[in-house]
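The lines below spell out each chain.
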Amino acid sequence: MPRVVRETFVQERHHLSIGISSTRIESVKRQHTRKVGVRAYDGRRISIAGGLGFPDTDLLWKNAVDGLPDGIGYPIVPQTDHVESLNNVGREFIQSELAEEIQIILSHFRSKYPDLIFSGKAHFENYSASLKNDSGLDLSFSTPLFRYVMRFKQRNSCSIFDGGSGTFGVNFDRNSVIKDLEQGCSGYHSFAELKKKKKLPVVLSLGYENFVLRKVLENLSSVSVFEGTSVFSPKRKELELSPDFSLLQASDSANTGFKFFDYEGTVNPNHSLTLINKGKAVRFLSDRLMAGEYGCMNSGSAFRGKYDTVPSMGLPYVQVASTGRTIKEITAGRDAVLVLMVGGGGATTDGQISFPVNLSYLLRDGEVVGRLPQINISSSVWKMFNEDYMGCSSDSLLSLSHFPAVVCEMDVEPI
Amino acid sequence: MYRFPAKLYSDVRIETRKMNCFSWRRENLRQSLYRDDTTAFIRVYDGRRWYYSSITDPACVQRELEQLASMAMPSNLRGNPLVESFEVNRGHYGTLPILPDGITAKRDVAAECFSVVSNYPGDLYWTALYEDRSITRRFISSRGADVTVNSGGLGIKFDLGFCNKGKTFNSNYMRYSGGINSLVVGKDSLKDYLERCSRFNTKAVPLSTGEYTVILSPASAGIFAHESFGHKSEADFMIGDRTLMREWPIGSRVAPPSLSIWDDGSAPGSGRIYIDDEGTVCKKTWLIRDGILSGRLHSVTTASHLGEKPTGNARAVNYRYEPIVRMTNTCIAPGEKSVKDIFGEVEDGVYVEGLNGASGLTRFTMNPTLAWRIKNGRIEQPLRIPALSGDMIKTLWEIDGISKQTEMFSSVGSGCAKLEQAGLPVGYGGPFVRVKKMDVR
């Protein structure tokens, strides 16, 4: 009878969210969720049982161990002998204070932009996660988190939304939220022109860069690489991107509030791993099982999973390596498009992308000239990060958290 | 059952969800999940704000009611239009689905198709999913409502990755039903689908951007209705917005007379919920009838703000969220043309057979998977198209052909996303719909 390794994953959230409608607080929600998953490994299979709240762990263990004969094939030794703990410290809030903070922000926007109606949500959370087993794995992480999404529309507009903003991070700061939201509103009332289709530098940040990076990550998945469907596959002519383009899988826990380990307990040195180095793919996304199956290195990317499911490879949080210049320096001397709100969009399997942009501003020398009409931007992802790649900024559009901007030339066309 | 706090409106939603989920990478089982959770969502309203709590232990409902009440400002709510708008229903609605008996039988529902995909002669990477759900929701309110609602269903999904001489194409094949007795897995249609996808992958060419006549398949038309008009019909976007109210008066003509769109949470499909998450009985709501704007989708809050009736469209994706206005099963009603005429009357256009996703508010975007050029009424060259887009209202006016034949579909393993709530099961469908001009981007 092989030794059964026992592992426990616990995730807990204390959450408070404030709903906003017509620039006023509409609702307050509190939430406490605790999720427990226990995993039994026998060297050949894995079996998992889970429960919400404070379940009977003896019963969970019994279910997990009893389920091993009918478990999932998992001929991998689980992570062992790693002890690490990281606790982000942030400002403590009490419920009434939070509502007061949001009231102040809303009052500011009500008086400064009386022709705009704001709606959205602000979330405050204390999050913790731990993964421990009886083979020496003991990982724990805790953090405060703040995130918000705020949309606005002009009172006389027939659109459902005209613009918006949102971000997340470890620390809440009222003035930073106001400053970041102002960015979307301040240029809204002046207008810039774009008369015909042009190739222009496009500044992608605020999460919109992930729309295109997602395509890169899908191609870095070891499944698509080793099954031959990726542009980076050795079965095909391996694609090289711009030598200025490097991509890292990084938790950046202190800035993002993401935990530094994946669901299998893999911890990369310095919580970071280079996937693309100077345009060349050097590591592929995998979990421990996939790495064994395809004979590649484990990248610690078991990010798909829930407390009670078998962990598997999922798309990680990534950072484009900074090319050392500010947005102003990257776009120097050229008009550029700052994307603030997209309305959907699509991509073909081979990387052609296209998306309508509801709100964008024309930038000149890094300064907002005015609001562009509705535009569509399109390109090939592989051109964007090759001959059309201009750089990743050293500065951030946001003051609440540091998320740089990716700048690429793309086809920009008025709708 | 509960001591509801005085001078406040309160309700409690208790959900018991049982679900089984299996997934495979090729024939290898990679996920085997069984969940059986009972959770609760509690709401308190004081006439000014809502106070919510979401908990994983229903034994704590009374404590949460009291804590939320302590945050609220009790007031006399007698005659409050919002509170008066709540339906006070009692009793049992719906039935739990009949599911395969035991783990092996469940796995076999998907596994019976494995021979089709594994023996496929081309270079194909595939994963498979089986999922079933049985959901019991109990809704109890301080006004006296006490309803128990059963619902659920099961489905399979194959994600397919084709690779041939450096050309790649991803697509999926899904089947859903409200019970095992009515589930049609369709081995032959899967085989046929694999062949079409394979031909598509090797032969598809890009299409120049521009305006084209587009024919939407019933599945694509259903998604178009959902994205282009359904979301715009959700009345929460109209609260406090006089401009939108002026622009969208009930009774105005918004489309050609041939177009009708409805939403119905009591109709078959994965959006069948019978009673919404505020205790309102679901009914068929005509959003557009014969081209006339005929209705909107409402929760109690939006209905009371707009002076209309709740429609049974307040839904929460799970216990963690408050109900917001959502679609259920949304469908374009049949027209009068034959499918042959819909295609036969097109000299040069595009046929969109499948979509990989879509989004939309004022402008909509749809991402085709399988798309084909139509020449002189015949389906010809396969096309790779990143996105179709358009202004929703203008596009409705461009509809010039609707078939008699319709079909309903349901999502498996995914669903509708709105604001922070993603993955809500919805049904969608309709006839073949021809649009004179749509932007191909």
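Quick caveat: nothing in here was measured; it's all calculated off a predicted structure. (Residues numbered from 1 in each chain as written. Chains lettered and ligands numbered in written order. Predicted model: local features only at pLDDT ≥ 70, side-chain atom pairs only at ≥ 80, totals over all residues. Heavy atoms only, no water.)

A short note on the overall build of chain B
Let me state the cut-off plainly: Starting at the N terminus, helices and strands are each numbered in turn, a helix being any DSSP run of H or I of at least four residues and a strand any DSSP run of E of at least two. Only the C-alpha atoms count toward the radius of gyration. The rule for a globule is 2.2 Å times the residue count to the power 0.38. Any two residues having at least one pair of non-hydrogen atoms within 4.5 Å are treated as being in contact. Residue exposure ignores everything except the shown protein chains as possible cover, and the areas themselves are Shrake-Rupley values with a 1.4 Å probe. The sign given to each residue is positive for Lys and Arg and negative for Asp and Glu; His and the chain ends receive no count. For the purpose of locating charges, the reference atoms are NZ of Lys, CZ of Arg, CG of Asp and CD of Glu.
Helices and strands together make up the secondary structure of chain B, namely 10 helices and 25 strands. In terms of C-alpha radius of gyration, chain B reaches 23 Å, essentially the compact-globule figure of 22 Å for 441 residues. Overall, chain B is about 70 × 55 × 35 Å in size when its C-alpha atoms are taken along their principal axes. When contacts within chain B are restricted to residue pairs at least 6 apart in sequence, long-range pairs at least 24 apart make up 73% of them. As displayed, chain B has an accessible area near 16900 Å², and 48% of this comes from carbon and sulfur atoms. Taking the average location of the 57 positive side-chain charges in chain B and that of its 49 negative ones, the two points are 1 Å from each other.

As for the domain arrangement of chain B
Interfaces are often described in size by the accessible area the parts lose on coming together. Residues and elements named next belong to chain B. As a reminder, the rule being used: Where a domain begins and ends is set by an automatic assignment or by a domain database. Once two parts are put together, the accessible area they lose, assessed with a 1.4 Å probe and summed over both, is termed the buried area. The salt bridge definition used is simple: a Lys or Arg side-chain nitrogen within 4 Å of an Asp or Glu carboxyl oxygen. Identification of polar contacts relies on pairs of N or O atoms within 3.5 Å, with a donor-acceptor requirement for protein atoms, meaning one able to donate a hydrogen and the other able to accept it, and with residues adjacent in sequence counted only if both atoms are side-chain atoms. Note on residue classes: Ala, Val, Leu, Ile, Met, Phe, Trp, Tyr, Cys and Pro are nonpolar, Asp, Glu, Lys and Arg are charged, and everything else, Gly too, is polar.
Domain boundaries assigned for chain B yield domain 1 (9-203) and domain 2 (206-440). Here the C-alpha centroids of domain 1 and domain 2 sit 21 Å apart. Across the contact, 48 residues belong to domain 1 and 40 residues belong to domain 2. Note on domain 1 versus domain 2: buried area summed over both sides is about 3400 Å², and carbon and sulfur give 59% of it. Seen at the junction of domain 1 and domain 2, the total is 4 salt bridges. Among the ionic pairs, Glu-353 bridges to Arg-196, the shortest N-O distance being 2.4 Å. Taken together, the links from domain 1 to domain 2 amount to 14 residue pairs in polar contact (both at pLDDT 80 or more). Contributions of two or more residues to the side of domain 1 that touches domain 2 are made by strand S1 (9-25), strand S2 (28-45), strand S3 (50-55), helix H2 (81-84), strand S5 (124-141), strand S6 (146-164), strand S7 (167-177) and helix H5 (187-203). At 9 residues, the largest contribution of residues to the side of domain 1 that touches domain 2 is made by S7. Of the residues contributing to the side of domain 1 that touches domain 2, the split by class is 20 nonpolar, 15 polar and 13 charged.

Quick notes on the interface of chain A and chain B
The interface is formed by 61 residues belonging to chain A together with 56 residues belonging to chain B. A buried area of about 5200 Å², summed over both sides, lies between chain A and chain B, and 48% of it is on carbon and sulfur atoms. Its largest share of buried area at the contact with chain B, chain A owes to Arg30(A), Ile160(A) and Thr349(A), together 13% of the area lost on that side. If you look at where chain A meets chain B, you find 9 salt bridges. At the junction of chain A with chain B, the criterion picks out 23 residue pairs in polar contact (both at pLDDT 80 or more).

Brief notes about the pattern of salt bridges
As a reminder of what qualifies: When a residue's accessible area, from a 1.4 Å probe over protein chains only, is under 20% of the maximum for its type it is buried; when over 50% it is exposed; and in between it is partly exposed.
Counted by the stated rule, this structure contains 45 salt bridges over all chains. Residues Asp66(A) and Lys62(A) are paired through a salt bridge, measuring 2.8 Å at the closest nitrogen-oxygen approach. Linking Asp66(A) with Lys62(A), this pair stays in helix H1 (residues 57-66), spanning 4 residues, or about one helical turn. A residue is classified by how much of its surface remains accessible, and Asp66(A), at 48% relative accessible area, is partly exposed. Here Asp400(B) and Arg434(B) are joined by a salt bridge, their closest N and O atoms 2.9 Å apart. Note that Asp400(B) is positioned in strand S22 (residues 399-410) and Arg434(B) in strand S25 (residues 427-440), a separation of 34 residues in sequence. If you follow the salt bridges from partner to partner, you end up with Lys29(A), Lys121(A), Glu322(B) and Glu420(B) in one network.

Some remarks on the nonpolar core
Note the following rule: What makes a nonpolar core is a set of buried Ala, Val, Leu, Ile, Met, Phe, Trp, Tyr and Cys residues whose side-chain atoms join them at distances within 4.5 Å.
One finds Ile102(A), Val203(A), Leu216(B), Phe229(B), Leu259(B), Leu396(B) and Met438(B) to be the most contacted residues of the largest nonpolar core, which totals 107 residues. Once residues lying within four places of it in the same chain are set aside, the contact partners of Leu216(B) are Ala221(B), Phe224(B), Tyr351(B), Val352(B), Met366(B), Pro431(B), Phe432(B), Val433(B), Val435(B) and Met438(B). In terms of nonpolar packing, the next biggest core, distinct from the first, is built from 51 residues, Val223(A), Ile276(A), Ala291(A) and Leu372(A) among them.

Things to note about the domain arrangement of chain A
Residues and elements named next belong to chain A. Entries for chain A in the domain assignment read domain 1 (5-186), domain 2 (198-209 + 323-414) and domain 3 (211-320). A separation of 28 Å is found between the C-alpha centroids of domain 1 and domain 2. Each partner contributes to the interface: domain 1 provides 21 residues, whereas domain 2 provides 12 residues. A combined buried area of about 1300 Å² lies between domain 1 and domain 2, and 55% of that area is made up of carbon and sulfur atoms.

Focus on H1(A)
All names here are of chain A. As a reminder of what qualifies: The reported arc concerns the directions from the helix axis to the C-beta atoms and nothing else.
Among the residues of H1, Leu-60, Trp-61 and Ala-64 are the ones counted as buried. The arc that holds the buried residues of H1, viewed along the axis, is 100°, so those residues lie on one side. Buried residues along H1 sit in contact with strand S1 (5-21), strand S2 (24-41) and strand S3 (45-52). For H1, the capping residue at the N-terminal end is Asp-56, with a side-chain oxygen 3.0 Å from the backbone nitrogen of Asp-58.

Structural notes on the side chain of Asp37(B)
Inspection of the secondary structure puts Asp37(B) in strand S2. In this structure Asp37(B) is buried but unpaired, with Arg35(B) as the nearest side chain of opposite charge at 4.7 Å. If sequence neighbours within four positions are ignored, Asp37(B) has contacts with Leu52(A), Tyr307(A), Glu15(B), Thr16(B) and Arg17(B).

With respect to unusual backbone geometry
Negative phi characterises most residues that are not glycine, and trans characterises most peptide bonds. Residues and elements named next belong to chain A. The phi dihedral of Thr-23 is positive, around 60°, even though this residue is not glycine. When you line up the elements, Thr-23 lands in the loop between S1 and S2. Although it is not a glycine, Asn-270 adopts a positive phi angle of roughly 55°. Relative to the assigned elements, Asn-270 resides in the loop between helix H6 (253-256) and strand S11 (272-277).

As for the environment of Asp391(B)
All names here are of chain B. Structurally, the position occupied by Asp-391 is in strand S21 (residues 388-391). Classification of Asp-391 by relative accessible area gives partly exposed; the value is 23%. Note: C-alpha distance between Asp-391 and Asp-439 (48 residues apart in sequence) is 9.3 Å. Non-local contacts of Asp-391, meaning those with residues more than four positions away in its chain, are made with Thr-362, Arg-363 and Phe-364. Among the polar contacts listed, one links the side chain of Asp-391 to the backbone nitrogen of Lys-394, at a separation of 3.1 Å.

Quick word on the sheet that holds strand S10 (residues 247-250) of chain A
Residue and element names in this part refer to chain A. Defined as follows: Here, a strand pair is defined by DSSP locating no fewer than two bridges between the strands.
Taken in spatial order, the 4 strands of this open sheet run S12-S11-S10-S13, and their pairing is antiparallel. Edge positions in the sheet fall to strand S12 (280-281) and strand S13 (318-320), since each of these pairs with one other strand and no more. The pairing of S11 with S12 spans 2 bridges and is antiparallel. Bridge assignment links Ile-276 to a residue of S12, and that residue is Ala-281.

Brief notes about helix H3 (residues 103-111) of chain B
Residue and element names in this part refer to chain B. Residues of H3 that are buried: Lys-106, Arg-107, Val-109 and Ala-110. The buried residues of H3 occupy an angular sector of 145° when projected down its axis, which confines them to one face. Looking at the buried positions of H3, the neighbouring elements they touch are S1, S2, helix H4 (114-118), S5 and S6.

As for the state of the cysteines
Applied cut-off: The term disulfide is used for any two cysteine sulfur atoms that are within 2.5 Å.
Taken as a whole and judged by the stated rule, the model has 0 disulfides over all chains. The thiol of Cys296(A) is not disulfide-bonded; the next cysteine sulfur, from Cys163(B), is found 18 Å away. This cysteine, Cys282(B), is not joined by any disulfide, and Cys416(B) carries the nearest cysteine sulfur, 15 Å off.

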